[in-house]
Amino acid sequence: MRASPPVLSLVVPVFNEEGVIDAFCARVIPTLEQITPEWEIVFVNDGSRDGTVAAVARQHHAEPRIALVSLSRNFGKEIAMTAGLDAARGQAVVIIDVDLQDPPEVIPDLVAKWREGNDVVFARRLEREGETFLKRLTAYGFYRALNAIADRPIPPDVGDFRLLSRRAVDALLRLRERHRFMKGLYSWIGFREAEVPYVRAPRAAGTSKFNYWRLWNFSIEGFTSFSIRPLQMASYFGFAIAVLSVIYGSFMVMRTLLYGNPVAGYPSLLVVVLFLGGVQLISLGVIGEYLGRVFNETKQRPLYLVADLLPSRYTAPPPAPPQPD
Ligand code: UDP
Ligand code: MG
């Protein structure tokens, strides 16, 4: 028989994090015990190639409230979190990074706001210690640009560190899109939101898994999965160019009528041709980004595959693979 659901589940995606698992458990478990004895931790191994699985398995054998869902390969953090949410059974679920950048001491505050009746309680960073100036600058630019075009606001300085009530988790899990930009999905589901401020700590050990190329792709994901504005931009731009060329054309006709037609203008011709060629290629690329996503969604593949499962005292047996709707 399965135990009744725990009060609180932690979902922790891990990818090559052997060095921080023990430190994470040592710090987070006393905090959880203060809140309730009915907690579980769901680690999601996102295809680690180091000793992460062994480290989590050790913790699991020492503590039956720790579960491990091992994915068959690296699927990326967004999908790893979804796998964790699928497995977690808590009445409230907190998503947290394993590297202790999200201080576990904030969890009681998140739970307090949930007990006041909020469904989504996000932790808002006040400072980003140990992050480079360039990373802060790019993050700032990204959220400004995203919010300028997104259909629903996406709060800046808010990461994946947050608490979701059971009904918010269930709502989120109904969104089975393959291209998952979780920050967009959290905001799409709505419900009552609250926030808790915190100071983001530097990484406890190991290195960040997100280099600039990954972050760049992450931003494209954000834009394309949350807005079709870029697709429309090409039409507005084309319209503006067309209006300008009509004005310029009339100006040329007037000038020819008044002053005759000395042959000139090869450089300006070339500039216009090259410029428009570039604009057309960019627009094609934008269409391609969306088309590729449509292609990937229509394949209806499962979001992830589970290779191994070490259940917690509370965790359900391996869920059946999500059925296409
Ligand atoms: N992570 C993951 N899969 C990945 C990359 C990262 O599960 O492909 C996990 C990682 O183990 C960590 C969390 O996501 O628990 C945040 O990663 P990281 O600290 O590298 O990101 P940063 O804090 O630099 O944004
Ligand atoms: Mg980190």
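Our structure's up above, just so we're on the same page.
Residues numbered from 1 in each chain as written. Chains lettered and ligands numbered in written order. Predicted model: local features only at pLDDT ≥ 70, side-chain atom pairs only at ≥ 80, totals over all residues. Heavy atoms only, no water.

Undergrad: I tried to follow the overall build of the chain on my own but got confused; where do I start?
TA: When you go through the chain residue by residue, the secondary structure sums to ten helices and eight strands. With the principal axes as the frame, the chain shows a C-alpha extent of 90 × 40 × 40 Å. Sequence separation of at least 24 residues holds for 86% of the intrachain contacts in the chain that already meet a minimum separation of 6. Here the chain carries 36 positive and 33 negative side-chain charges, and the mean point of each set is 5 Å from the other. (Helix = DSSP H or I, 4+ residues; strand = E, 2+ residues; numbered from the N terminus. Contact = heavy atoms within 4.5 Å. Lys, Arg positive; Asp, Glu negative; His and termini not counted. Charge placed at Lys NZ, Arg CZ, Asp CG, Glu CD.)

Undergrad: Hey, could you run me through the environment of Pro197 in this one?
TA: By the secondary structure assignment, Pro197 is in strand S7 (residues 193–200). Distance from Pro197 to Asp157, taken between C-alpha atoms, is 9.8 Å for residues 40 residues apart in sequence. Not counting residues up to four positions away in its chain, the partners in contact with Pro197 are Arg124 and Leu126.

Undergrad: How should the layout of surface pockets be read in this particular structure?
TA: The method is simple in principle: a probe with the dimensions of a water molecule rolls over the atoms, and the space it marks as empty is what remains. Looking at the largest pocket, its volume works out to about 960 Å³. Every residue lining the largest pocket is counted, 43 residues in all, and those nearest its centre are Lys135, Arg200, Ser208, Phe210 and Leu215. Its residues assigned to classes, the lining of the largest pocket comprises 16 nonpolar, nine polar and 18 charged. (1 Å grid on protein atoms, 1.4 Å probe; cavity = no way out; pocket = protein on both sides within 12 Å on 5 of 7 lines; lining within 4 Å. Points joined across faces, edges and corners; volume = space filled by probe spheres on them. Nonpolar A, V, L, I, M, F, W, Y, C, P; charged D, E, K, R; others polar.)

Undergrad: Can you help me understand the site of ligand 1 in this one?
TA: Taken together, 19 residues are adjacent to ligand 1, and Glu17, Asp46, Asp99, Ser208 and Lys209 come closest. Asp46 has a polar side-chain atom sitting 2.6 Å from a nitrogen atom of ligand 1. At a separation of 3.3 Å, an oxygen atom of ligand 1 approaches a polar backbone atom of Val98. Isolated, ligand 1 exposes 540 Å² of accessible area, and the fraction of that covered by the protein chains is 95%. Grouping the constituent residues of the shell around ligand 1 by class yields five nonpolar, four polar and ten charged. (Near = heavy atom within 4 Å. Polar contact = N/O pair within 3.5 Å; in protein donor to acceptor, adjacent residues only side chain to side chain. Areas by Shrake-Rupley, 256 points an atom, 1.4 Å probe, with all protein chains shown as cover.)

Undergrad: Would you take a moment to explain the pattern of salt bridges for this structure?
TA: A side chain with one charge may pair with a side chain of the opposite charge, provided their charged atoms come close. A full pass over the atoms with the stated rule returns twelve salt bridges. Of the charged contacts, one joins Lys77 and Asp97 as a salt bridge, the two residues approaching to 2.9 Å between their closest N and O atoms. Here the residue Lys77 occupies a position in helix H3 (residues 77–87), and Asp97 occupies one in the loop between strand S4 (92–95) and helix H4 (107–115), the gap between them amounting to 20 residues. Relative accessible area serves as the criterion here: at 17%, Lys77 is assigned to the buried category. Here Asp97 falls in the buried class, since its relative accessible area comes to 14%. Salt-bridge contacts for Arg124 lead to Glu195; the nearest nitrogen and oxygen are separated by 2.8 Å. You can see Arg124 sitting in strand S5 (residues 120–128) and its partner Glu195 sitting in strand S7, a full 71 residues away along the chain. Glu195 gets classed as partly exposed once you look at its relative accessible area, which sits at 34%. (Salt bridge = Lys/Arg side-chain N within 4 Å of Asp/Glu carboxyl O. Buried < 20%, exposed > 50% of the residue type's maximum accessible area, 1.4 Å probe, protein only.)

Undergrad: I'm lost on the side chain of Ser165 in this one. Help?
TA: Positionally, Ser165 belongs in strand S6 (residues 158–165). Under the relative-accessibility criterion, Ser165 is labelled buried at 4%. A polar atom in the side chain of Ser165 sits 2.7 Å from the side chain of Asp119. Those residues within four positions of Ser165 in sequence are excluded, and the remaining contacts are Gln91, Ala92, Trp114, Asn118 and Asp119.

Undergrad: Could you clarify how one ought to interpret the coordination of the magnesium ion (ligand 2) in this entry?
TA: When a metal holds four donors in a tetrahedron, each ideal angle between them is 109.5 degrees; when it holds six in an octahedron, the ideal angles are 90 or 180 degrees. Coordination sphere of the magnesium ion (ligand 2), protein contribution only: Asp99 (OD) and Gln101 (OE1), at 1.9 Å. Side by side, Asp99 and Gln101 carry an identical accessibility label, which is buried. (Donors = N, O, S within 2.8 Å, 3.2 Å for Na, K, Ca; no water.)

Undergrad: What's the story with the packing of aromatic side chains in this structure? I'm lost.
TA: A ring pair, where both rings are aromatic, is described by two values, the distance of the centres and the angle of the planes. With the rule as written, the count across this model stands at five aromatic pairs. Plain terms: the ring middles of Phe142 and Tyr143 are 4.9 Å apart, the flat faces sit at 65° to each other, and that makes the pair edge-to-face. Overall, the relative accessible area of 11% leaves Phe142 in the buried class. Their ring planes at 85° and their centres at 5.4 Å tell us that Phe161 and Tyr198 sit as a pair that is edge-to-face. With Phe161 in strand S6 and Tyr198 in strand S7, the pair connects residues that are 37 residues apart, well separated along the chain. No difference in accessibility class separates Phe161 from Tyr198, as the two residues are buried. (Phe/Tyr/Trp six-rings, centres within 6.5 Å; stacked < 30°, edge-to-face > 60°.)

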